Amino acid sequence: MMLDLGPFSNENFDPKKWINSACQSRHPQDSLDKHLVDMEMKLQMVSEEIAASLEEQSAAALLRVPRATRDVIRLRDDAVSLRSAVSSILQKLKKAEGSSAESIAALAKVDVVKQRMEAAYETLQDAAGLTQLSSTVEDVFASGDLPRAAETLANMRHCLSAVGEVAEFANIRRQLEVLEDRLDNMVQPRLTDALSNRKVDAAQDLRGILIRIGRFKSLESQYIKVHLKPIKQLWEDFDSRDKANRSANEKNEMERISSGGDFQSVSPAISFSSWLPSFYDELLLYLEQEWKWCMIAFPDDYKTLVPRLLSETMMAIGSSFISRINLAIGDAVPETKALAKGLLDILAGDMQKGIKIQTKHLEALIELHNMTGTFARNIQHLFSASDVRVLMDVLKAVYLPYESFKQRYGQMERAILSSEIAGVDLRGAVIRGVGAQGVELSETVRRMEESIPQIIILLEAAAERCISFTGGSEADELILALDDIMLQYISTLQETLKSLRTVCGVDYGGDGVVKKEMEKKEGNQNARRVDLISNEEEWSIVQGALQILTVADSLTSRSSVFEASLRATLARLSTTLSFSAFGSSLDQNQTINSSVDGEPSFGGRAALDMATLRLVDVPEKARKLFNLLNQSKDPRFHALPLASQRVAAFADTVNELVYDVLISKVRQRLSDVSSFANLVIS
């Protein structure tokens, strides 16, 4: 039987449990006494072995102690000697450093003198080379070797920079500028031919020449000049077609007159809105071809060269583009189309008083803007390899023709909403004959109640137009316009309420003295009123007055729902608008974050949002807009603060009117009580 000595090392060792466990593990045929005797003998043998082992190990440890002590003493002596050796070495190093400092300083001065002598030698060589190059440069130009001429001029420029501003070389400096212009002029015809005929090798060689003399701008301007002409022809194609169409129509008209009034077919006029998508398609195809060719011819420059071409194109046709947009908007309404005028003419006050901005004008503008937006997305995809700043510049140029309209968006929206509200039937009540007062009251209240959803629909449409046209960048102007229009509408409702007071017979005026005099006469007048007004009409007047409460409730609830939806729209804008255009976001002080070099920090492709492109250039407007968007996140925020107050005031006025109507009817019924002189209370 093997003994397990593991339990003996435990701190909680229990001898009784161990003995019981050992007894339970005995073989069933063995007797308990024999098992205990065997176990006791094994324990004695194990204990003797352990004691012998301990005694042997203790003796060995005692023998090792003196030896370990001697080793420790020897190591201590070695450490002391090493420390003294290191100390002596440090002292020698300090002495050497002090004695060699003067020598090192002298060597440093000698090295400086050597460097200056070498620089002077190189300068003298450059001066000699500059003189030699100046004397031979004409021969190089006469040979017609343009790459060699560019290399010569580059070396002259290098030598001049090394020599510095020396008076003796001032003439050579002027000569170099003249020669660079001369070489530039020699390169231009060849570059034009290479670009026009798509000669890749020639274009690359000529680019290298211009780069060598620091004239990359010349390459850029010549590239734009060569390709701007065919693009402008695409743009002017609209005018050509329009003129041809008008000439054909005039010719047909003359033939019709000369032929005695016979019918002649007239070709329909070409609208700018139907022609613009085809122009964008042709321009996009042209730019795609240029992008592919420049990737081969100018692999280092195509990412900026082709976008710059589009930017310059939009700048060149910008004024014409604005004029065509203006006339296309005018064509949407017969009145302005007949006068060949547009939206800008109305805003400038150059039109007759009867002609106003209509919803169709703004819808036509948004339709054209959507076409441009589609083109802008295609351009963004085409130039996706370009830098974000390059893309921002080109997209700004694409949207530039609409900027003058966006800047006046608030004015346009106010004019449209004012005109539409004027078209809503909000006629006040008029006093009619006996028997028709209740009907007039009911009809007026019905018109008021029906106008509320109409007005809310108009306001919702205005919010949608703002998002579609400006991307939300004019949300602050939209809020001001909606607030003003709501005030205008509620003022009209207030005037209608005044007319209703007259119809209901409770309009005593605002003067308290007049009201008291009216009350004195009321006793005599009420008798005649009761006689003239039937019970049915009185009841219809009361019903009409109570119906006004529905108008107030409807206005309050509808305006609250609209204001909540407007607040939700502002919240979406705060997420949609790219704060990354101004860094990660506007900070606590509402300042635009900048990068280390002081330039605005752009946050990737999110900065290419239509609204963000506008806000980048107008930081003050951006701060104003983002302040509004941040305020909209507050549950207590009122998108239409003035309108909210006026709605509450309107509800109070309605309650006052209803109260006055009901009280007046009670007074009429009780007016004859004072005439019962013989009334006896039994």
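No experiment lies behind these values; they were computed from the predicted model shown.

J.: What should I look at first to understand unusual backbone geometry in this one?
T.: Apart from glycine, the bulk of residues carry a negative phi angle, and the bulk of peptide bonds sit in the trans form. Positive phi, close to 55°, is recorded for Arg198, a residue that is not glycine. Note on placement: Arg198 falls in the loop between helix H4 (170–196) and helix H5 (200–212). Exposure remark for Arg198: the relative accessible area of 35% places this residue in the partly exposed category. Backbone geometry places Ala340, a non-glycine residue, at a positive phi of 55°. When you line up the elements, Ala340 lands in the loop between helix H10 (334–338) and helix H11 (343–347). By relative accessible area, which is 51% here, Ala340 ends up exposed.

J.: Sorry if this is basic, but what is going on with the nonpolar core here?
T.: For soluble globular proteins, the rule of thumb is that nonpolar side chains tend to be buried together. Counting 142 residues, the largest nonpolar core has Leu183, Phe272, Leu310, Phe321, Leu365, Phe383 and Phe650 as its most contacted members. Residues in contact with Phe383, not counting those within four places in the same chain, are Leu287, Trp291, Val306, Pro307, Leu310, Leu391 and Val394.

J.: Would you mind showing me how to read the packing of aromatic side chains here?
T.: Each pair of aromatic rings is reported with the distance of its centres and the angle of its planes. Scanning all chains against the criterion turns up 15 aromatic pairs. Ring plane angle 80° and centroid distance 4.9 Å describe the contact between Trp291 and Tyr302, whose orientation is recorded as edge-to-face. Taken together, the residues Trp291 in helix H7 (residues 272–297) and Tyr302 in helix H8 (residues 302–316) connect sequence positions eleven residues apart. Per residue, the accessibility class of Trp291 equals that of Tyr302, and both read buried. Site record: aromatic cluster; members linked through ring pairs are Trp235, Phe238, Phe272, Trp275, Phe279, Tyr280, Phe321, Phe375 and Tyr402.

J.: Honestly, the side chain of Gln222 in this entry has me stumped. Any pointers?
T.: Within the fold, Gln222 resides in helix H6 (residues 216–258). Reaching out from Gln222, the side chain makes a polar contact with the side chain of Thr192 at a distance of 2.4 Å.

J.: Where do I start with the packing of H8 against helix H13 (residues 388–399) in this structure?
T.: Each pair of packed helices can be described by the angle between their axes along with the distance between the axes. Taken N-terminus to C-terminus, the directions of H8 and H13 make an angle of 20°; their axes are 8 Å apart at the nearest point. With respect to each other, H8 and H13 are oriented roughly parallel. As for the relative orientation of H8 and H13, their crossing is left-handed in sense. Along the contact surface, H8 presents Lys303, Thr304, Pro307, Leu310, Ser311 and Met314, while H13 presents Val390, Asp393, Val394, Ala397 and Val398. Residues that form the contact of H8 with H13 fall into these classes: seven nonpolar, two polar and two charged.

J.: Teacher, can you tell me more about helix H17 (residues 475–504) here?
T.: One full turn of an α-helix is made of 3.6 residues, so residues set three or four places apart face in the same direction. With 30 residues, H17 extends 43 Å between its outermost C-alpha atoms, agreeing within 8% with the 44 Å of an ideal straight helix rising 1.5 Å per residue. The buried count for H17 comes to 21 of 30 residues, which makes it a mostly enclosed element.

J.: Looking at this model, I keep getting lost on the side chain of Ser473. Mind explaining?
T.: In this fold, Ser473 is placed in the loop between helix H16 (437–470) and H17. Within polar-contact distance, the side chain of Ser473 engages the backbone oxygen of Thr470 at 2.9 Å. Among the polar contacts made by the side chain of Ser473, one reaches the side chain of Arg614 at a distance of 2.8 Å. Setting aside its immediate chain neighbours within four residues, Ser473 contacts Ala611, Arg614, Leu615, Lys621 and Leu625.

J.: Sorry if this is basic, but what is going on with the packing of H7 against H8 here?
T.: Closest axis-to-axis distance for the H7/H8 pair is 9 Å, and the angle between their directions is 155°. What the angle tells us is that H7 and H8 run roughly antiparallel. In this structure, H7 crosses over H8, and the sense of that crossing is right-handed. For the pair H7 and H8, contact is made by Leu283, Leu287, Glu290, Trp291, Cys294 and Met295 and by Tyr302, Lys303, Val306, Pro307, Leu309 and Leu310, respectively.

Thresholds applied
Residues numbered from 1 in each chain as written. Predicted model: local features only at pLDDT ≥ 70, side-chain atom pairs only at ≥ 80, totals over all residues. Heavy atoms only, no water. Helix = DSSP H or I, 4+ residues; strand = E, 2+ residues; numbered from the N terminus. Buried < 20%, exposed > 50% of the residue type's maximum accessible area, 1.4 Å probe, protein only. Core = buried A, V, L, I, M, F, W, Y, C linked by side-chain atoms within 4.5 Å. Contact = heavy atoms within 4.5 Å. Phe/Tyr/Trp six-rings, centres within 6.5 Å; stacked < 30°, edge-to-face > 60°. Polar contact = N/O pair within 3.5 Å; in protein donor to acceptor, adjacent residues only side chain to side chain. Axes fitted to C-alpha atoms, helices over the stretch in contact; angles between N-to-C directions. Parallel < 35°, antiparallel > 145°, perpendicular 65-115°, else oblique. Left-handed = near helix turned anticlockwise from the far one by under 90°. Nonpolar A, V, L, I, M, F, W, Y, C, P; charged D, E, K, R; others polar. Expected span 1.5 Å × (residues − 1).

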